[in-house]
Amino acid sequence: LARIQTDNVVMMLRELYPDLHFEIAVAMSTTGDKILDTALSKIGEKSLFTKELENALERNEVDLVVHSLKDLPTCLPPGFTIAAVCKRENPLDAVVFHPKNCGKTLNLLSEKSVIGTSSLRRAAQLKRKFPHLEFKDIRGNLNTRLKKLDEKEDFSAIILAAAGLKRMGWENRIGQLLGPEDCLYAVGQGALAVEVRAKDQEILNMVSALHDADTVLCCIAERAFMKHLEGGCSVPVAVNTLLKDGQLYLTGAVYSLDGSDSLKETMQTSVSYPHQNEDGPNDDVQHVGITAKNVPGQAQEAAENLGVQLASLLLSKGAKHILSVARQLSDAR
């Protein structure tokens, strides 16, 4: 999947810059890829899928790195920035069923059916929505997880990001899409990010042509929400965003590990601002790690403020307690 995502970005760059030569020089495994027998929340959540790639960037071995945006921490290491957030694929979660359950939905599965997911966010919401089901960790790349599902009887279904399945060409495996009423998605889910050295103006300017303005604003709001909550993969934090008629709507939620306790709110703001030439010292302003010169700065500020305000609202209602208990329980698992 990582290679397909990189190929997609390089293909877009080649179309924009036919005279430039782009070489996919490095394929490397990250900590998150290598440790497959431990829940993501237990390994240590910072830079699980990014650190090795950033080291190569720092050593000038590569000039840009393609990530799933949801894997990138809300605070990037000094000297790096997200130079492009590409147009978002479907951000929803999807259910892939064991062949014997083909045609079913989660609510039609029998009592105590086991659902595989490595995400505390998914498990917390789905335990709440489908109390008759059981949830167990499943790790590995998409191929590995689908193989575990199909060839064994351990799982009745697994939950995966619809975007990854679609990029792999496996859309036909999606048995059920989980809408916001069933499962809010992860911050940045479905979007690809291109990370570069922050001072490398030539590369930054070139890659910024890949920014999708609507996706940028949605993801800035989501990342600001996560950052202000101090959330991560060891606590269930979930979002849903909608940009319509110049209004950005952000729904954010926090959950206890078993889904019994939760807080959810929605706020909106206007992001309808004209683009101004912002040459000068504001040229490289980052919003939660994203540098987007071709998106109006006021709109980015409004999106970031929306995320912070929504997080502040949840914190004022008791989100900190829910998250700290979830973090303690997750660490103790």
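Calculation rules
Residues numbered from 1 in each chain as written. Predicted model: local features only at pLDDT ≥ 70, side-chain atom pairs only at ≥ 80, totals over all residues. Heavy atoms only, no water. Helix = DSSP H or I, 4+ residues; strand = E, 2+ residues; numbered from the N terminus. Rg over C-alpha atoms; globule rule 2.2 N^0.38 Å. Buried < 20%, exposed > 50% of the residue type's maximum accessible area, 1.4 Å probe, protein only. Axes fitted to C-alpha atoms, helices over the stretch in contact; angles between N-to-C directions. Left-handed = near helix turned anticlockwise from the far one by under 90°. Contact = heavy atoms within 4.5 Å. Expected span 1.5 Å × (residues − 1). Domains from an automatic or database assignment. Buried area = accessible area lost by both parts, 1.4 Å probe. Salt bridge = Lys/Arg side-chain N within 4 Å of Asp/Glu carboxyl O. Polar contact = N/O pair within 3.5 Å; in protein donor to acceptor, adjacent residues only side chain to side chain. Nonpolar A, V, L, I, M, F, W, Y, C, P; charged D, E, K, R; others polar. Pairing = 2+ DSSP bridges.

**Student:** How should the overall build of the protein chain be read in this particular structure?
**Tutor:** Helix and strand counts for the protein chain stand at 11 helices and 11 strands. Here the protein chain has a C-alpha radius of gyration of 20 Å; the compact-globule value for 333 residues is 20 Å, and the two agree. Dimensions of the protein chain, computed from the C-alpha atoms along their principal axes, are close to 60 × 45 × 35 Å. Put simply, the protein chain has 333 residues, and 52% of those count as buried.

**Student:** Which parts of the structure should I look at to understand the packing of helix α9 (residues 213–229) against helix α10 (residues 297–316)?
**Tutor:** To describe two helices that pack against each other, one gives the angle between their axes and the distance between the axes. Where α9 meets α10, the axes come as close as 7 Å, and the angle between the chain directions of the two elements is 35°. Classified by chirality, the crossing of α10 by α9 is right-handed. From α9, L217, I220, A221, A224, F225, H228 and L229 reach across to α10, where they touch A299, Q300, A303, E304, L306, G307, V308, L310, A311, S312, L314 and L315.

**Student:** Looking at this model, I keep getting lost on α9. Mind explaining?
**Tutor:** Along its 17 residues, α9 runs 25 Å from first to last C-alpha, staying within 8% of the 24 Å computed at 1.5 Å per residue. Burial analysis of α9 places 13 of its 17 residues in the buried class, the great majority of the element. Positioned one or two residues after α9, E230 has a phi angle of 60°, which is positive.

**Student:** Any chance you could explain the domain arrangement of the protein chain here in plain terms?
**Tutor:** In many reports, interface size means the accessible area that the parts give up when they come together. The domain boundaries assigned to the protein chain delineate domain 1 (1–90 + 187–332) and domain 2 (93–177). Across the boundary between the two partners, domain 1 contributes 34 residues, which contact 21 residues of domain 2. For the domain 1 and domain 2 pair, buried surface summed over both sides reaches about 2,000 Å², with 56% attributable to carbon and sulfur atoms. For the interface between domain 1 and domain 2, the tally reads one salt bridge. Here E89 and K166 are joined by a salt bridge, their closest N and O atoms 3.3 Å apart. Applying the counting criterion to the domain 1 and domain 2 interface returns nine residue pairs in polar contact (both at pLDDT 80 or more). Partitioning the side of domain 1 that touches domain 2 into residue classes produces 16 nonpolar, 14 polar and four charged.

**Student:** How should the sheet that holds strand β8 (residues 192–197) be read in this particular structure?
**Tutor:** The strands making up a sheet associate through backbone hydrogen bonding, with each pair oriented either parallel or antiparallel. Ordered in space as β1-β8-β2, the three strands form an open sheet in which the pairing is antiparallel. The two strands at the open ends of the sheet, each matched to only one other strand, are β1 (65–68) and β2 (80–85). In this sheet, adjacent strand axes meet at a mean angle of 40° when their direction is disregarded. Of the strands in this sheet, β1, β2 and β8 are in contact with helix α4 (residues 51–58), which crosses β8 at around 35°.

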